[in-house]
Amino acid sequence: SVAVRPKNPEAWFYDELKLVAQAASQLPGQLRNQVPRSLYMPTILWFAYETGLRRSDCWNFDAETFNDEGVAALTQHKTGKVHVVRVTTETLSSLRKIQRILVSTGDVMRRFPLHWPQSDSQFYYWMKRARLRAGIDPIEKNRSLQHVRRTGATAVDAAGGYAWQF
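Worth saying up front: this structure is predicted, and the values here are computed from it rather than measured.

Quick word on the overall build of the chain
A tally of regular secondary structure across the chain gives 6 helices and 2 strands. In the chain, which comprises 166 residues, the proportion classed as buried is 44%. Put simply, 61% of the contacts in the chain that link residues at least 6 apart link residues at least 24 apart. Accessible area of the chain: about 9,200 Å², with a carbon and sulfur share of 51%.

Shown next as structure tokens:
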């Protein structure tokens, strides 16, 4: 029999994430729901990094579940497991800014500030644009949110944080 070595999971480097998030904060225009791309894109990058959540869980996260310290519990869509997450005050503040915009426009998804209101391909188009602005080759590897969550899970685990469910 032939033994197949499992591939090492691919992740972002933290410095790369910082550069892409900074570049994402300069993206022009706004989403269909009136949220500026320059606010949404870095927020979802940091949220995915800080929580280790999958894309669908990020997009469907109910921000009303956070307590004052930025801690929340949710049941993951894919696994059905309860997951405790913590975000920084900066990320929580950005989530609240997005919520205020959604409330002001009467958007029914205001509890879910990271809900993506366009096609998946549009999301990855703007991720690619942010990588280009950061001077990082967007074609080199698939740099999806999955890779961001792996980077975050590793960092949180190393710090002794909430990584037990990643």
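That was the structure; now back to the text.
Considerations on helix H1 (residues 14-24)
For H1, the complete set of buried residues consists of Glu16, Leu17, Val20, Ala21, Ala23 and Ala24. Angularly, the buried residues of H1 cover 160° about the axis, an arc narrow enough to put them on a single face.

Structural notes on the packing of aromatic side chains
Counted under the stated rule, the structure contains 10 aromatic pairs. Centre to centre, the rings of tryptophan 59 and phenylalanine 123 are 5.4 Å apart; their planes meet at 80°, and the pair counts as edge-to-face. Separated by 64 residues along the polypeptide, tryptophan 59 in helix H3 (residues 55-59) and phenylalanine 123 in helix H5 (residues 120-133) bring together distant segments of the chain. Across the pair, exposure class does not vary: tryptophan 59 and phenylalanine 123 are buried alike.

Here we look at the pairing of strand E2 (residues 82-86)
Residues His83 and Val85 point to one face of E2 and are all buried, whereas Val82, Val84 and Arg86, pointing to the other face, are not buried. Sheet topology note: the strand E1 (residues 71-75)/E2 ladder contains 5 bridges and is antiparallel. Among the inter-strand pairings, leucine 74 is bridged to a residue of E2, identified as histidine 83. If you look at the hairpin formed by E1 and E2, you'll find 6 residues sitting between the two strands, and glycine 80 has a positive phi there, around 75°.

Structural notes on the packing of helix H2 (residues 37-51) against helix H4 (residues 89-104)
In contact at an axis separation of 10 Å, H2 and H4 are set at 135° when each is read in the N-to-C sense. By the angle between their directions, the pair H2 and H4 is classed as oblique. Once H2 is placed against H4, the crossing between them reads as left-handed. Between H2 and H4, the contacting residues are Leu39, Tyr40, Thr43, Trp46, Phe47 and Glu50 on the first element and Thr91, Ser94, Leu95, Lys97, Ile98 and Ile101 on the second. Across the contact of H2 with H4, the residue classes break down as 7 nonpolar, 3 polar and 2 charged.

Cut-off values and rules
- Residues numbered from 1 in each chain as written.
- Predicted model: local features only at pLDDT ≥ 70, side-chain atom pairs only at ≥ 80, totals over all residues.
- Heavy atoms only, no water.
- Helix = DSSP H or I, 4+ residues; strand = E, 2+ residues; numbered from the N terminus.
- Buried < 20%, exposed > 50% of the residue type's maximum accessible area, 1.4 Å probe, protein only.
- Contact = heavy atoms within 4.5 Å.
- Areas by Shrake-Rupley, 256 points an atom, 1.4 Å probe, with all protein chains shown as cover.
- Arc of directions from axis to C-beta.
- Phe/Tyr/Trp six-rings, centres within 6.5 Å; stacked < 30°, edge-to-face > 60°.
- Pairing = 2+ DSSP bridges.
- Axes fitted to C-alpha atoms, helices over the stretch in contact; angles between N-to-C directions.
- Parallel < 35°, antiparallel > 145°, perpendicular 65-115°, else oblique.
- Left-handed = near helix turned anticlockwise from the far one by under 90°.
- Nonpolar A, V, L, I, M, F, W, Y, C, P; charged D, E, K, R; others polar.

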